[in-house]
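Residue-level listing of the chains:
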Amino acid sequence: MEKKIPLAYNSFLESSSQGENQGLNGIPMRGILIGAVLAFLLNFLDAYATTMIRGSYLTLNFSTPAALFFFFFVVLTSGVVSFLRRSLALSQAELIAIYVMLLVACCIPGMGFTQFIIPCLLGSTYYATPENNWDFLYNQYIPAWMIPQGDDVARFFFEGLPKGATIPWEAWVVPLSYWYGFFLALGLAMICWMVILRKQWVEREKLVYPLVQVPMEMIQQEKGGLIGRSFFKSKVMWLGFALAFILLSIEGLHSYYPSLPHINRHFPIPLFPNSVGLNFWFSPPWTGFFYFVNLHISASIWVFYLLTTIQRGIFNLLGVQSTQRIDFYSIEPFMAHQGMGAMIVFVLVGLWVARGQLKEVCRKVIYRDSSVDDGGEIMSYKQAAYGLLAGLGLVAIGLWVAGLPPLAVLVFIFGAMVLFLGLTRVVAEGGLPAMRPPIMTNSFVISTVGASALGASGLVVLGFSYGWHSEIRSFVMSSVANGLKMSEVITGSKRRLFWAVVIAILVSLAGSSYMTIFLAYKHGGINLNPLFFVGQAPTFGPRDMAPRIAAELSGPRLDAWLFMGIGGSVMGALMWVRHRFLWWPLSPLGYVISANWKTGHIFGSAFLAWLLKLVILKYGGPKLYRALRPFFLGLILGEIVAAGCWLAIDYLSGHVGSFLTQV
């Protein structure tokens, strides 16, 4: 029954093909200019919000709540302008360009890049003591050009500038040039990957892309050229909006007035005494996102997480534990490697399924086959192929000159691309609003080739990967994938969208970097958000790698290889069953993220959405499902707008750290 339900995107395409769209012949520069300004403001303000106010992290996850928050008011403003003077209103193409730029802008601050990498460059120097011996074990292996030099540079950054002193910008020029060049090369590779795979995912496999359902509904164009009228006039949408807005606002009021009631969204259920359990976490926007996911996928998320949690409990009872030192973001080493093995097979099989598309790209690049059409892409296949090779090549050179041995460079790039592609796929197909990899690539490299093959310099380079590759809960590849899905409705050339993405990255780097450095030197980093300036981002690298360097450098981990093999074998079997038997009820996607602590946060919402959708389809059919779509869209938008409003209230009231929601 579920497969017969038309997606909202179908009506979106139909309405945009009636010839009533204004400005859809390509992308007008006005939209790109507005997007650039908003991308800069988003990063400028987010750096202040996360470091000073310490409220909700609106750029944290794949759901990119900050982008939706800004876009909500952009569409409303454009609607008001259209009533006053229709010619000044933004067209669909301009709105899409703006939203794509906002999506990409969310990848730069916080867990994306700048607010992690900037304190990371000085943390090992400032927090070095005779007790931890970091100067000998870690800092001596850092190339001088890779971090700002000078004792006062680090001390003033974390403690604040003395009266009359100025920010030592000159100390930051060389290291930031390296790191930003490195990030731009990585971003280029990510964009090119998505251009190469877009047709496979969008047109051939027809992935749902649940995370762009809200903006797509907001900019539907109706007769007369009006955009978004039916969405904003929907009473059902506003009912869901109000419910989510009120629930979060109660939390905000409780923070200001503790005597007011607190709504508990967490419901723990122990499975094994003093071992593991389940924690149902109710999130209105996450439930809304999962409503648009196919039932077999949402079911697989909670079923496989339950099974993997039981596996963890059994391992704990039997004492099956690893002695390996693992990164700070992964759970038990055995489970982390099992998840990585599953991810590798998941990605490789996915590329094998896409071999037809990859062959077409090769024919276009090598033989200039005119039968292969790439006119609808944001860059030609030739540019994408060469851009991918150039981007990965520059990333490899960057890791090598920093001190990572050539073999480890290849393994690192392989592992990183597997994680980026795998997570992007589960976001596009499974609508996961929040997720992270089962293991960091630095742990994968150490386990695969051994610390002895890396040496102290190589381990230090991997330590710095905490600054740009730690949680990776938001990155350019996933944002571009969602943006390319939305860009389908743009007629004419889409090539400007590539430059719009590049501009968004550049202005975001500028806005986030300036505000992060400025606030640190003005107030002292130790007085700001501890996540970025005290116990985590600035010290993860040395805390992880210094003990490895001090100990005897070990070789490859055979137990890690074993559990990667187990995870890969199970994933291979699941994918074979899924493709072989149509009646199989579960998607392999659920297993690839099951060995992940972040899945413990989202599985409750996935279960609730699955149950609600199952009941709705069974007793109301497709008609009721479509009728309730606006309600779940409202759940998503309501909490996001509420979180943004409460950040503004916190700023105006001077209240720090009122409450935290990860929408």
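Please read these numbers as outputs of a predicted model, since none were measured by experiment.

## Regarding the overall build of the protein chain
A count of helical and extended segments in the protein chain gives 27 helices and 2 strands. In summary, the protein chain has a C-alpha radius of gyration of 24 Å against a globular reference of 26 Å for 663 residues, a match within 12%. Across its three principal directions, the C-alpha atoms of the protein chain cover 70 × 70 × 65 Å. Taking as baseline every contact in the protein chain between residues at least 6 positions apart, the subset at least 24 positions apart corresponds to 83%. Summed over its atoms, the accessible surface of the protein chain is roughly 25100 Å², and 67% of this surface lies on carbon and sulfur atoms. If the 44 positive side-chain charges of the protein chain are averaged to one point and the 31 negative ones to another, these points end up 10 Å apart.

## Here's the deal with the packing of helix α26 (residues 599-619) against helix α27 (residues 621-653)
Across the interface, α26 lies against α27 with an axial gap of 6 Å and an inter-helix angle of 140 degrees. The angle between α26 and α27 falls in the class oblique. In this structure, α26 contributes Leu612, Lys613, Ile616, Leu617 and Tyr619 to the contact, and α27 contributes Gly621, Pro622, Leu624, Tyr625, Leu628 and Phe632. Looking at the contact of α26 with α27 residue by residue, the class counts come to 9 nonpolar, 1 polar and 1 charged.

## Digging into the packing of helix α8 (residues 170-204) against helix α17 (residues 406-430)
At their nearest, the axes of α8 and α17 sit 12 Å apart, and the two run at 45 degrees to each other. When the axis of α8 is compared with that of α17, the two are oblique. At the point where α8 passes α17, the crossing takes the right-handed sense. Of the residues in α17, those touching α8 at Leu186, Met190, Trp193, Met194, Leu197 and Trp201 are Met417, Phe420, Leu421, Thr424, Arg425 and Ala428. Class assignment of the residues belonging to the contact of α8 with α17 gives a composition of 10 nonpolar, 1 polar and 1 charged.

## What to know about the pairing of strand β1 (residues 266-270)
As paired elements, β1 and strand β2 (residues 277-281) share 5 bridges and run antiparallel to each other. Opposite histidine 266, over in β2, you have tryptophan 281 as the bridge partner. Counting the residues between successive antiparallel strands, the hairpin from β1 to β2 contains 6 residues, one of them, asparagine 274, with a positive phi of roughly 55 degrees.

## As for the packing of aromatic side chains
Here the structure, examined in full by the defined rule, presents 60 aromatic pairs. When the centroid spacing of 5.3 Å and the interplanar angle of 85 degrees are considered together, the rings of tyrosine 329 and phenylalanine 540 count as edge-to-face. Here tyrosine 329, found in the loop between α13 (295-318) and α14 (333-353), pairs with phenylalanine 540, found in helix α23 (residues 540-550); they are 211 residues apart in sequence, far enough to count as distant. By relative accessible area, tyrosine 329 is classed as buried at 7%. Among the aromatic residues, those joined into a cluster by ring pairs are Phe69, Phe70, Phe72, Phe73, Phe231, Phe232, Trp238, Phe241 and Phe245. The side chain of arginine 355 reaches across the aromatic face of tryptophan 352, ending 4.2 Å from its centre. The ring of phenylalanine 328 carries the charged tip of arginine 543 above its face, separated from the ring centre by 4.8 Å.

## As for the nonpolar core
In this structure, Trp172, Met194 and Phe464 are the most contacted members of the largest nonpolar core, which totals 231 residues. Per-element tally for this core: the top contributor is α8, with 21 residues. Residues in contact with phenylalanine 464, not counting those within four places in the same chain, are Ile117, Cys120, Leu121, Tyr138, Ile142, Met146, Ile147 and Trp179. Ranked by size, the runner-up nonpolar core spans 6 residues in total, among them Phe315, Ile331, Met335 and Phe563.

## A short note on the pattern of salt bridges
One pass over the structure, following the stated rule, counts 15 salt bridges. One salt bridge connects glutamate 94 with arginine 30, and the closest N-O pair in it is separated by 2.8 Å. Of this pair, glutamate 94 sits in helix α4 (residues 92-105) while arginine 30 is found in helix α2 (residues 29-53), placing the two residues 64 residues apart along the sequence. The class of arginine 30 is partly exposed, set by a relative accessible area of 32%. A salt bridge links arginine 557 to aspartate 559; its shortest N-O distance comes to 2.8 Å. Among the residues examined, arginine 557 registers a relative accessible area of 21% and is labelled partly exposed. Salt bridges sharing common partners tie together Arg198, Glu203 and Glu377.

## Brief notes about α14
When the terminal C-alpha atoms of α14 are compared, their 30 Å separation across 21 residues agrees well with the 30 Å that a helix rising 1.5 Å per residue should span. With 15 of its 21 residues buried, α14 lies for the most part within the structure.

## Considering the side chain of aspartate 327
Here aspartate 327 shows up in the loop between α13 and α14. An unpaired buried charge is present at aspartate 327: no salt bridge exists, and arginine 436, the closest side chain of opposite charge, is 4.7 Å distant. Engagement of the side chain of aspartate 327 in a polar contact is seen with the backbone nitrogen of tyrosine 329, the distance being 3.0 Å. Each residue touching aspartate 327, except ones within four places of it in the same chain, is listed here: Ile439, Met440, Asn442, Ser443, Tyr466, Asp544 and Arg548.

## Let's talk about the confidence of the model for the protein chain
Per-chain confidence: the protein chain averages 91 in pLDDT, with 95% of residues scoring 70 or above. For the protein chain, per-element mean pLDDT is lowest for helix α1 (residues 8-16), which scores 37, and highest for helix α16 (residues 381-402), which scores 98. Long-range and interchain partners of residues 1-24, a stretch whose pLDDT sits below 50, account for 58 contacts in this model, where long-range means more than four residues apart.

## Side note on α16
Since there are 3.6 residues in each turn of an α-helix, residues three or four apart along the chain are aligned in direction. End to end, α16 covers 31 Å across 22 residues, agreeing with the expected 32 Å (1.5 Å per residue, within 8%). Among the residues of α16, those classed as buried are Tyr381, Ala384, Ala385, Gly387, Leu388, Gly391, Leu392, Val395, Ala396, Gly398, Leu399 and Ala402. Residues of α16 that are buried in the fold lie against α8, α15 (355-366), α17 and α19 (455-464). Positive backbone phi, approximately 130 degrees, marks glycine 403, located one or two places after α16.

About the cut-offs
Residues numbered from 1 in each chain as written. Predicted model: local features only at pLDDT ≥ 70, side-chain atom pairs only at ≥ 80, totals over all residues. Heavy atoms only, no water. Helix = DSSP H or I, 4+ residues; strand = E, 2+ residues; numbered from the N terminus. Rg over C-alpha atoms; globule rule 2.2 N^0.38 Å. Contact = heavy atoms within 4.5 Å. Areas by Shrake-Rupley, 256 points an atom, 1.4 Å probe, with all protein chains shown as cover. Lys, Arg positive; Asp, Glu negative; His and termini not counted. Charge placed at Lys NZ, Arg CZ, Asp CG, Glu CD. Axes fitted to C-alpha atoms, helices over the stretch in contact; angles between N-to-C directions. Parallel < 35°, antiparallel > 145°, perpendicular 65-115°, else oblique. Nonpolar A, V, L, I, M, F, W, Y, C, P; charged D, E, K, R; others polar. Left-handed = near helix turned anticlockwise from the far one by under 90°. Pairing = 2+ DSSP bridges. Phe/Tyr/Trp six-rings, centres within 6.5 Å; stacked < 30°, edge-to-face > 60°. Buried < 20%, exposed > 50% of the residue type's maximum accessible area, 1.4 Å probe, protein only. Lys NZ or Arg CZ within 6 Å of the ring centre and 35° of its normal. Core = buried A, V, L, I, M, F, W, Y, C linked by side-chain atoms within 4.5 Å. Salt bridge = Lys/Arg side-chain N within 4 Å of Asp/Glu carboxyl O. Expected span 1.5 Å × (residues − 1). Polar contact = N/O pair within 3.5 Å; in protein donor to acceptor, adjacent residues only side chain to side chain. pLDDT = per-residue confidence, 0-100.

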